[in-house]
Amino acid sequence: MSGLALQFINLLAALLLLLAFAMLAQRRILSLIHLYTMQGVVLVAATAAMGYVSHQPHLYVSAGLTLALKVFLIPWLLHRVIDRLNVRWDIETLINIPTTLIVGIVLVIFAFNLAQPISELSASVARGTLGIALACVLLSLMMMITRSKAVPQVIGFLALENGLFFAATAATYGMPMVVELGIALDVLVGILILGVFLFQIRQQFDSLDIRHLEKLKDE
Amino acid sequence: MSSVEPLLFLLGLPLAGALVLGLAGHRRFAPELNVAFSTGTFGAAAALTADVIASGPRFALQREFFIDPLNVFLVALTAFVALTTAIFSRPYMRVEQAHGKMTPRRLRLYHSMYQLFSFTMLLALTTNNMGFLWVATEAATLATVLLVSVYRTAASLEAAWKYFILCGVGIAQALFGTVLLYMAAERAGAGPEVALHWTELETIKASLDPRIMGLAFAFLFVGYGTKVGLVPVHNWLPDAHAEGPTPVSAVLSGLLLNVALYAVLRCKVLTDGALGTALAGQLMMFFGLLSVLVAAFFLSRQRDVKRMFAYSSIEHMGLITFAFGVGGAVATFAGLLHMTVHSLVKSAIFFAVGHAAQQAGTQTMSEIRGLIRSSPTVGWGLMIGSLAILGMPPFGVFASEFLILVTAMREQPWATPFLLVGLGVAFASVFQRVQPMVFGDSSFKPLPHQPALVPVFVHLGIALVLGLYVPPYLESWYREAARMVAG
Amino acid sequence: MSALGFAAQLLEILAALALAPLFLGWVNQCRAWLQSRRGPGLLQPYRTLHKLFNKDSVLAERASPLFRAAPYLVFGCMTLACGIVPTLSTELPLSPAADAIALVGLFALARVFVSLAAMDIGTAFGSLGARREMLVGFLAEPALLMVLFTTALISDSTSLTTIVRTLSAREVGIQPSLALAAVALVMVALAENARVPVDNPATHLELTMIHEALVLEYSGRHLALMEWAAALKLFAYACIGIALFVPWGVAGAHAPLALLAALPLLLAKLALGGFLLALLETLSAKMRIFRVPEFLGMAFMLAVIAMLVNLLLGAPGR
């Protein structure tokens, strides 16, 4: 039975990776938010499955927390923000998606290689997925680098945090509860502040293009 | 005196201050309230310090907090600089209000976040839990990011955005490192509840898996190193310092960088214990040295005065990181001393620079002239502060830099020329720019509020004293801390 | 090499030749139903082929022998491809000669001839179609290879029969790498067979057409062979998908009864697959031709991820 659950976790991990790639190649802001929500759902399922396999009840709590935060609250906030900023239907011009994806694949290989020796040492049942978690982190990082609009950058940041959360769950069945609560609080406050920021940037520049934010340079 | 009380005050006062000032931060008496809360915090820090000096390291609140000579000295320093900055910001913010740059709403945000920032700094220092260390460091970013953009100008928004994104991404790497640390600790047999406790990790550090710890340190170093402002992840630092209000620049340079470096230091101790090699030290030496050199050359190209001193902070942080990387009792001692004097002198400089920029109405150095005529105290403060930060004897910076150089010559001779070049270039470029700012003709009008320059001279005075004579209790305290770090 | 093996091989090729137009008809019929049309009927492809075979073939003046030879070559390639994919039995006399890489090679060979023939006459549409075909091909082939490699990694062999034997022997379970590879294969199949998101087989719109542009100059029996080959290609892809991802029920060696049981099972699987394909086509919108590289890049990436995931998570049951 736990063998099947383990396969289920592996499948979810692969899905997470897939979603990270999909985000990398997604042009529409609205779809990005949907993808982020899906990532949250996958994360919840994976955490709960991990809790079931490992008999760690606190993982259910953290799955519940993730559900509330990453499936409902943050996507809801993001929807509100893009509604109020009127960028719901914005499409970002991305240059050269295939190249981005190829670089992404290279990153995944790098992450797998990096995680391989570590994951062998982990006591967790889902240790194989550590490499995937690291790959998700790197892909989100790359998404933040390649985006020039503010909202996609924020979503990249949130996806990065998702990857880290998954890494913590995969490697060690999650951090101690108090720490996890603290991290969740930081993320929540962070997204609120970013929301405030988006409005300030919009007010100042009449646009959410980060390329306006490249004036400060050392000549 | 029980052990918990000062700690409760230490953490509770700024938190309460954040709440109270969040409600009343725009009132006329808010700056005084800010000072009062900071004074209370400093009092608690002093009591805690006296306590630890008298009776050694201690735990508090079910081992969630741990006070030892290393962090208590930083706690005292942090609370002190937070207090003097609060005193300085009282007239500074009134002037800003008179200039129309601060509205009541912004003032409320500023005061509340100032106290919250103090809280996160002290939490990061006193917590025994590496996970909480991460949470607090991230919270410190969150607290300051809105302060950097408080003027809502295009440049300040850009600086804050960069600060948030870069530090957020950096600190995320540190979280991954913390996860790996937790994993290593669990493998080494620590119970899940205590596996992130630094005291627990310290006792089992020899049995932590070296492969995991090597990778964990790489991530932790990148993560906290971003906050320290080490090259090449330093880009946020000059912008955030230059575009935020001056008190924020002062606490960023004086406190945040120290706390981030403290986090790196704690991780290094564990990594050294686990690896048994000098890998962590070598990494720190390399990036420290790189920061010194790069910052020194960037220093010579600055036009904005706060930006220039921000680069100077990068340079000094690089120097301290280098010293900790060299390791050993003497270098660590010198690093700790340098942390102290740098944070004192740099915040003093920012105080002086803040008033100078207010008088001139600009931060561009070529437009600030003849400070010594328009307001002699600001001028002298800037001049003496610059001399101190450049390592002129008899200030404390000279003593610590000298110690670092001597140790480097003995233990890492290859690094000496780089250090000398970096320090030399930094000296030339800063002095060349500060000199005309201080001397020369001036037509500036005096400020509407009397500037608070007592903190400047108190800081410089302490730095001077530390350069001439380190009091024995302070010295034994440094030695104790250095012994703990260097093993 | 037994008589049974020979019979199985013969049966497979004959089944492919006979069923390929039916499969195409079934897909089109399903599409019609899903779009609330009555549809031309299941046997329409046969009727079309019959009509074309009875017509005279008109050749352009400047047509070279290559133009005339291409339909036979392409038809041969596709027949062979159908013959080496183990759909009915894993004991096929042709299988030692052809493995997964040879299969991709056969498709590539056919593609080269189709494109050469299209350019042979020198009309604008032919060259345009050839160029688009190559654009699709250079991205689709690596993706298909990656899909096959993923399955090859699981079974430690590039021989198609070994792959199918290993995959059908494993226990039922969810395997992320196979799921990803399946999605990649579907995407490749859509592009390679000129199905909806990439091309629309029902129109002759010069801005977007790929397959129709290639065979524009053919008529009569040549066109019949080309269309039949196209049907065979679709059939071959469906068979690859079935063989790799739902291989249960394929007859092993020395099992004449299983061979008989395998045929209706295959028909059922094909019927379901065809319906799903029609559903997919109905649900998706035709994409701009410039998006096709992205689409196929995605397929390639999926296949690579499938392989990487397989390497990282390991095959199940091991």
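Residues numbered from 1 in each chain as written. Chains lettered and ligands numbered in written order. Predicted model: local features only at pLDDT ≥ 70, side-chain atom pairs only at ≥ 80, totals over all residues.

Participant: Residue-level account of the overall build of chain C, with values.
Facilitator: The helix and strand inventory of chain C stands at 11 helices and 0 strands. Starting at the N terminus, the α and β elements of chain C follow one another as α-α-α-α-α-α-α-α-α-α-α. With the C-alpha coordinates of chain C rotated into their principal frame, the extents come out at 60 × 45 × 40 Å. (Helix = DSSP H or I, 4+ residues; strand = E, 2+ residues; numbered from the N terminus.)

Participant: Provide a residue-level description of the overall build of chain B, including the pertinent values.
Facilitator: A tally of helices and strands in chain B yields 19 helices and 2 strands. Counting only C-alpha atoms and orienting by the principal axes, one finds that chain B spans roughly 70 × 50 × 45 Å. Within chain B, contacts between residues at least 6 apart in sequence are counted, and of these 82% link residues at least 24 apart. (Contact = placed C-beta atoms within 7 Å.)

Participant: Talk me through the interface of chain A and chain C; I want residue IDs and the actual numbers.
Facilitator: Taken residue by residue, the interface counts 21 residues in chain A and 19 residues in chain C. Of all the secondary-structure elements, those providing two or more residues to the side of chain A that touches chain C are α1 (2-25), α4 (97-121) and α5 (130-146) of chain A. Per-element accounting of the side of chain A that touches chain C gives the leading share, 11 residues, to α1 of chain A. Broken down by class, the residue content of the side of chain A that touches chain C amounts to 17 nonpolar, 4 polar and no charged. (Nonpolar A, V, L, I, M, F, W, Y, C, P; charged D, E, K, R; others polar.)

Participant: Break down the interface of chain B and chain A for me, citing the residues and quoting the values.
Facilitator: The figure often quoted for interface size is the accessible area lost as the parts come together. With 39 residues of chain B in contact, the opposing surface of chain A contributes 35 residues. Every element with two or more residues in the side of chain B that touches chain A is listed here: α5 (130-148), α6 (154-187) and α8 (210-228) of chain B. Per-element tally for the side of chain B that touches chain A: the top contributor is α6 of chain B, with 18 residues. Here the side of chain B that touches chain A is composed, by residue class, of 25 nonpolar, 4 polar and 10 charged.

Participant: Residues and numbers for the nonpolar core, please.
Facilitator: Formed by 390 residues in total, the largest nonpolar core has its most connected members in Ala167 of chain A together with Ala143, Ala184, Phe235 and Ala303 of chain C. Ranked by the residues each element gives to this core, the list is headed by α6 of chain B, at 22 residues. (Core = buried A, V, L, I, M, F, W, Y, C linked by C-beta atoms within 7 Å. Buried ≥ 20, exposed ≤ 12 C-beta atoms within 10 Å, placed from the backbone.)

Participant: Before we move on, could you go through unusual backbone geometry and cite the residues and values that matter?
Facilitator: Residue and element names in this part refer to chain B. Residue Pro232 is reached from Val231 by a cis peptide bond, and omega for that bond is 5°. Residue position: Pro232 is located in the loop between α8 and α9 (236-243). Each neighbour pair has its own omega, and for Pro393 with Pro394 the value is 10°, a cis peptide bond. Looking at where Pro394 falls in the secondary structure, it is placed in the loop between α15 (376-389) and α16 (396-411).

Participant: Describe the confidence of the model for chain C, naming the residues involved and giving the relevant values.
Facilitator: Here chain C averages 86 in pLDDT, while 95% of its residues score no lower than 70. At the level of chain-chain contacts, confidence expressed as ipTM amounts to 0.91, with global pTM at 0.86. (pLDDT = per-residue confidence, 0-100.)

Participant: So what about α4 of chain A? Which residues, and what values?
Facilitator: All names here are of chain A. Here α4 contains 25 residues, and its C-alpha end-to-end distance of 36 Å stays within 8% of the 36 Å for a straight helix at 1.5 Å per residue. A maximum bend of about 40° is found in α4 at Ala115, where proline Pro117 lies one to four positions downstream. All of the buried residues along α4 are Ile97, Leu101, Gly104, Val108, Ala111, Phe112, Ala115, Ile118 and Ser119. (Expected span 1.5 Å × (residues − 1). Bend = angle between axes of the 7 residues up to and from the residue.)

Participant: Explain helix α5 (residues 124-155) of chain C to me, using residue names and the numbers behind them.
Facilitator: Across its 32 residues, α5 of chain C extends 46 Å between first and last C-alpha, which sits within 8% of the 46 Å expected from 1.5 Å per residue. Along α5 of chain C, the sharpest kink reaches roughly 25°, centred on Gly137 of chain C.

Participant: Could you give an account of the packing of α5 of chain C against helix α7 (residues 176-192) of chain C, naming the residues involved and the relevant values?
Facilitator: All names here are of chain C. Contact pair α5 / α7: the axes reach a minimum separation of 9 Å and the direction vectors enclose 150°. Between α5 and α7, the angle is such that the two are roughly antiparallel. When the axes of α5 and α7 are compared, the crossing they make is left-handed. Seen from α5, the contacting residues are Val136, Ala140, Ala143, Leu144, Val147, Thr150 and Thr151; seen from α7, they are Ser177, Ala181, Ala184, Leu185, Val188, Ala191 and Glu192. Partitioned by chemical class, the residues of the contact of α5 with α7 number 10 nonpolar, 3 polar and 1 charged. (Axes fitted to C-alpha atoms, helices over the stretch in contact; angles between N-to-C directions. Parallel < 35°, antiparallel > 145°, perpendicular 65-115°, else oblique. Left-handed = near helix turned anticlockwise from the far one by under 90°.)

Participant: Please provide a residue-by-residue account of the environment of Pro394 of chain B, values included.
Facilitator: Residue and element names in this part refer to chain B. Taking the C-beta count within 10 Å as the criterion, Pro394 has 14 such neighbours and is therefore assigned partly exposed. It is 6.2 Å that separates the C-alpha atoms of Pro394 and Leu468, two residues lying 74 residues apart in sequence. In contact with Pro394, not counting residues within four places along its chain, are Leu464, Gly467 and Leu468.

Participant: Can you explain the packing of α16 of chain B against helix α17 (residues 416-438) of chain B? Please cite residues and give values.
Facilitator: Residues and elements named next belong to chain B. Here α16 crosses α17 at 155°, and the two axes come no closer than 9 Å. In this view, α16 runs roughly antiparallel relative to α17, as classed from their interaxial angle. Contacts from Glu401, Leu405, Ala408 and Met409 of α16 reach α17 at Thr416, Leu419 and Leu423. Classifying every residue of the contact of α16 with α17 by side-chain character gives 5 nonpolar, 1 polar and 1 charged.

Participant: Let's hear about the environment of Leu48 of chain B: which residues, and what values?
Facilitator: By secondary structure assignment, the location of Leu48 of chain B is in helix α2 (residues 30-55). Counting along the chain gives 329 residues from Leu48 of chain B to Thr377 of chain B, while the straight-line C-alpha distance between them is 34 Å.

Participant: Tell me about the environment of Pro451 of chain B, and name the residues and values.
Facilitator: Residues and elements named next belong to chain B. Here Pro451 shows up in the loop between α17 and α18 (454-468). Considering only alpha carbons, one finds Pro451 and Leu33, 418 residues apart in sequence, at a separation of 18 Å. Residues in contact with Pro451, not counting those within four places in the same chain, are Pro91, His355 and Val378.

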